[in-house]
Amino acid sequence: MYGNDDYVDQAPYDMNGYMSPADHEALEGHDDAGYEQPMYTNIPDGVKKFLVYLRDCINEGVVYEISNLYETTFPRLTEQYFENVPWPEVSEIKNLVNCDPVFLILYRELYYRHIYAHIPHGPTLMQRFDSYATYCELFNYIINASEPVPLDLPDIWLWELIDEFVYQYQSFSQYRANLMKRTPEELELLNQNNQVWNVLCVLNVLCSLVEKSNIKRQLEVHASGGDAESVAGEFGRYPLYKKLGYFSLVGLLRLHSLCGDYYLAIRVLDNIELHRKSQFSYVPACQITVSYYVGFAYMMMRRYSDAIRTFTSILLYIQRTKQLFQTRSYQNDQINKQTDRMYHLLAICLVLHPQYVDEAIQQVLREKNYHEKMYKMQCGDLAEFEACFAFACPKFLAPAPPVDAPVEDYVKEPINHQIRVFMDEVKQQKMIPTIRSYLKLYTTLPLAKLAMFLSSESHRHGEAVKSRDLNEAIEGLITQLLCFKHKMKNIVWTKGTSGLDGIFQSGSELDFYMDNDMIHIADTTVSHRYADFFIRKILKFQELNRKLHMIKF
Amino acid sequence: MEDGRKQTIANLLKDIERYNPENLPTLECYVEHQCRENTYDLEANLAVLKLYQLNPQRYNIGIICQILLKALTNLPHTDFVLCKCLLNAKHLEESLVKQIMQLADVLERCDFREFWARIHTPEFADNVVHITGFHDSIRKYVCHVVGITFQTVDKTLLAGLLGGVDDQTLKQWVKKYGWKEEANGIIFVANQDENIKTKNITEKIDFENAAAIMAASQ
């Protein structure tokens, strides 16, 4: 399936053929041009020890210890020695680890990941190319093996590997799209190497990992109550393949979302129980990423109830487990950012589709700047809608790079397109909040009376409403009321293995129907909830009590 | 026959094969087939738009328009939005695409009178003629919206929403949806008051939630 695809001129990614030898030379030549050569001809002893120890742990498969080194020691050493400079190059540490090939690929991946995250101005073109080559080597090693490779890495490492792979693709396509900022040499190199970081290669890697691990079949069997292991196959039985397969599905979710393909985004997650904590992954960052993209896709499909359910459940989870994240600062930053984005998206959804959400979430939305933003949006402030959306949406990209195009900046185009689609929807719904605010005051309301209210709002200067105008106003109002009902009646997931399934429901708190020319209104009142609050406090006190009892004087 | 075709297409949409541009001619034919035969396959149509997205030089504006119009026939579902998200600024500049966008906007706003006025203009009539059952698909959507909004509706109003249909046609639609014509030109749609009621959400505590606390405080 991969490596011998006959529909692209060059195989999208393959072990040796991704760059010609000439490019390799170019690459070596450029290596030192991109950033200042750091001052560590002598690598600090602590770093040396770390590298040797990490290699040993990987070779012996001590996952617990690897996890510790990866999550704690590596960031600590980074902070200590490599805050703004790259880690030592592969050639510098090669002998230190006896040229262990697998370790060197893994190291190279970390080396580039660090450059992407910490080096001012980001990676150079050559570094981007070589980082891509690193992924090719790593994934070829894993996917092309005739039997499962003896490699065991902690879940968090595997997740960040896939996540970073998609991120670097995203970063590259933005770099690629900004033709204004590229030098002629860079443009030439880019055009010569169109297969590098090509979207098909990225798709191919993710699809191959999914296929190799039989993860779809495993999830299907698991969802129907069977034993996933029984269908896992030779590779999928191993944690390395199984986890990579699972994370690749999430990678695909993200990639499809970035291209604006929301249908496929949700489709790839078939058989994953979105509303429950996954049995396949205990990585919070992965869970949060899933919820962010799924919720976003639902919002774009006008499935507000589903979006609100997705966001609130993950935001509650984050609220309650916050202490757990605090120790790991680099993950924390990412989680905080995504949390803020999701509150923005949730705010948008709740303005468009008011409904009851958990008290703890409402609390947050009442505080901070969300309250003001929601108020503005409720008043029909389109600029506020756009600002919230632009802030919180994924960084969309065009999967096909600009070829033979005028030298312009194409980065913003895909984002602007999605903003446009969203704003078209918002504009269609513009009158709904106003109508809702009137309906809220009544249980029954004649059509003509509401039409008067609305037209007096548009003629504020006291002109009398003529009867011909009134008939027109009523006609217009019927259209708006039909639109209200249509927009508030959406597909909502109730059961089934696909997140795309669902039935039409009206989930918003205010509903109405028309009996000829009389509007009958049904509102929802929610009484205050205390139980949850008290249960949590009681548990907290019990825990405190228990700890106090354990203290010995 | 139809099932067989659908299966063949489904195989083209599996995994990485979905992104194979060599499948475009087959999939484009399939779009035309759907227009002719009044069938519909959102997944296949989205795959076509995806291939255009990946291979911008290969897009066919006629096919895009057909896909968009077919998406309108599946209202109230949001297929049209899904298709729109896969297009780009360049596609939207095409005049026919622009007009279809406006048409979709009118339908999404439920401004059905405006819709029927537009659809009979020559530029649309010519395009829509290739889409079998287009008008009736829109009428189904109108009936959906009417069905969720009205308990009783004025007959003239309903006929207007359905595109100024004659009495005979109106009766057929009323019958199809199980509505009833009453006296005084009123049509009874459904007992909405059974479903649309004022709700009070009161607090309920699951036994599961409280059990742990009760057990611990013994």
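Residues numbered from 1 in each chain as written. Chains lettered and ligands numbered in written order. Predicted model: local features only at pLDDT ≥ 70, side-chain atom pairs only at ≥ 80, totals over all residues. Heavy atoms only, no water.

As recorded in an unreviewed UniProt entry, chain B goes by the name Eukaryotic translation initiation factor 3 subunit K, listed as coming from Gryllus longicercus. A UniProt comment under Subunit (unreviewed entry) is attached to chain B, and it reads "Component of the eukaryotic translation initiation factor 3 (eIF-3) complex." (UniProt positions renumbered as here; feature names shortened; annotations may be inferred.)

In the annotation of an unreviewed UniProt entry, chain A is listed under the name Eukaryotic translation initiation factor 3 subunit L and assigned to Gryllus longicercus. Quoted verbatim from the Sequence similarities (unreviewed entry) field of UniProt, the annotation for chain A is "Belongs to the eIF-3 subunit L family." Taken from UniProt, the Subunit (unreviewed entry) comment for chain A reads in full: "Component of the eukaryotic translation initiation factor 3 (eIF-3) complex."

Asks: How should I be thinking about the overall build of chain A in this particular structure?
Replies: Tallying secondary structure elements over chain A gives 24 helices and six strands in all. Within chain A, counting contacts between residues at least 6 apart in sequence, those at least 24 apart form 74% of the total. For chain A, the exposed area adds up to about 25,400 Å²; of that, 53% sits on carbon and sulfur atoms. (Helix = DSSP H or I, 4+ residues; strand = E, 2+ residues; numbered from the N terminus. Contact = heavy atoms within 4.5 Å. Areas by Shrake-Rupley, 256 points an atom, 1.4 Å probe, with all protein chains shown as cover.)

Asks: I keep staring at the packing of aromatic side chains and nothing clicks. Help me out?
Replies: Each aromatic ring pair is described using two quantities: the centre-to-centre distance and the angle formed by the ring planes. According to the stated counting rule, one finds 34 aromatic pairs over all chains in the structure shown. With 5.6 Å between their ring centres and 80° between their planes, phenylalanine 112 of chain B and tyrosine 141 of chain B make a pair best called edge-to-face. Separated by 29 residues along the polypeptide, phenylalanine 112 of chain B in helix α8 (residues 112-119) and tyrosine 141 of chain B in helix α10 (residues 134-149) bring together distant segments of the chain. Under the relative-accessibility criterion, phenylalanine 112 of chain B is labelled buried at 1%. The exposure class of tyrosine 141 of chain B is buried, given its relative accessible area of 0%. These aromatic residues form a ring-pair network of at least three members: Phe50, Phe74, Tyr81, Phe82, Trp87, Phe103 and Tyr107 of chain A. Stacked on the ring of tyrosine 175 of chain A, the Lys or Arg arginine 182 of chain A has its end atom at 3.7 Å from the ring centre. The ring of phenylalanine 235 of chain A carries the charged tip of lysine 212 of chain A above its face, separated from the ring centre by 4.2 Å. (Phe/Tyr/Trp six-rings, centres within 6.5 Å; stacked < 30°, edge-to-face > 60°. Buried < 20%, exposed > 50% of the residue type's maximum accessible area, 1.4 Å probe, protein only. Lys NZ or Arg CZ within 6 Å of the ring centre and 35° of its normal.)

Asks: Whenever I open this one, the domain arrangement of chain B confuses me. Can you help?
Replies: Taken domain by domain, chain B consists of domain 1 (1-133) and domain 2 (150-218). The straight-line distance from the C-alpha centre of domain 1 of chain B to that of domain 2 of chain B is 32 Å. (Domains from an automatic or database assignment.)

Asks: Got a minute to help me understand helix α7 (residues 95-108) of chain B in this structure?
Replies: Turn by turn, an α-helix covers 3.6 residues, leaving residues three or four places apart pointing in a common direction. All names here are of chain B. Its 14 residues place the ends of α7 20 Å apart at the C-alpha level, agreeing with the 20 Å of an ideal helix rising 1.5 Å per residue. Within α7 the residues assigned to the buried category are Val97, Ile100, Met101, Leu103, Ala104, Val106, Leu107 and Glu108. In the segment just after α7, cysteine 110 is the residue with positive phi, at about 60°. (Expected span 1.5 Å × (residues − 1).)

Asks: I keep staring at helix α4 (residues 61-73) of chain B and nothing clicks. Help me out?
Replies: Taking 1.5 Å per residue, 13 residues should reach 18 Å; α4 of chain B reaches 19 Å between its end C-alpha atoms and fits that length. Of all 13 residues making up α4 of chain B, 10 are buried, and the element is well covered by its neighbours.

Asks: Looking at this structure, how should I read the UniProt feature "domain: PCI" (unreviewed entry) in chain B?
Replies: Per the UniProt record, "domain: PCI" (unreviewed entry) is annotated on residues 40-204 of chain B. Taken end to end, residues 40-204 of chain B has its terminal C-alpha atoms 44 Å apart, with 61% of it in helix and 8% in strand.

Asks: Would you mind going over the packing of helix α2 (residues 24-37) of chain B against α4 of chain B with me for this structure?
Replies: Helix-helix packing: each pair is described by the crossing angle between the helix axes and the interaxial distance. All names here are of chain B. Two numbers describe how α2 lies on α4: the axes approach to 10 Å, and their chain directions differ by 45°. Judged by the angle between their axes, α2 and α4 are oblique. Classified by chirality, the crossing of α4 by α2 is left-handed. Across from Glu28, Val31, Glu32, Gln34 and Cys35 in α2, the residues of α4 making contact are Ile63, Gln66, Ile67 and Lys70. Residue composition of the contact of α2 with α4, by class: four nonpolar, two polar and three charged. (Axes fitted to C-alpha atoms, helices over the stretch in contact; angles between N-to-C directions. Parallel < 35°, antiparallel > 145°, perpendicular 65-115°, else oblique. Left-handed = near helix turned anticlockwise from the far one by under 90°. Nonpolar A, V, L, I, M, F, W, Y, C, P; charged D, E, K, R; others polar.)

Asks: How should the interface of chain A and chain B be read in this particular structure?
Replies: In many analyses, interface size is given as the accessible surface area lost on bringing the parts together. On the side of chain B, 60 residues touch chain A, which itself brings 63 residues to the contact. On inspection of chain A and its partner chain B, the count reaches five salt bridges. Between aspartate 261 of chain A and lysine 50 of chain B there is a salt bridge, with its nearest N and O atoms 3.4 Å apart. Along the contact surface separating chain A from chain B lie 19 residue pairs in polar contact (both at pLDDT 80 or more). Across the side of chain A that touches chain B, the residue classes tally to 31 nonpolar, 14 polar and 18 charged. Note: strand β6 (residues 524-526) of chain A against strand β4 (residues 199-201) of chain B, three bridges, orientation parallel. Following the sheet pairing, threonine 524 of chain A is matched in β4 of chain B by lysine 199 of chain B. (Salt bridge = Lys/Arg side-chain N within 4 Å of Asp/Glu carboxyl O. Polar contact = N/O pair within 3.5 Å; in protein donor to acceptor, adjacent residues only side chain to side chain. Pairing = 2+ DSSP bridges.)

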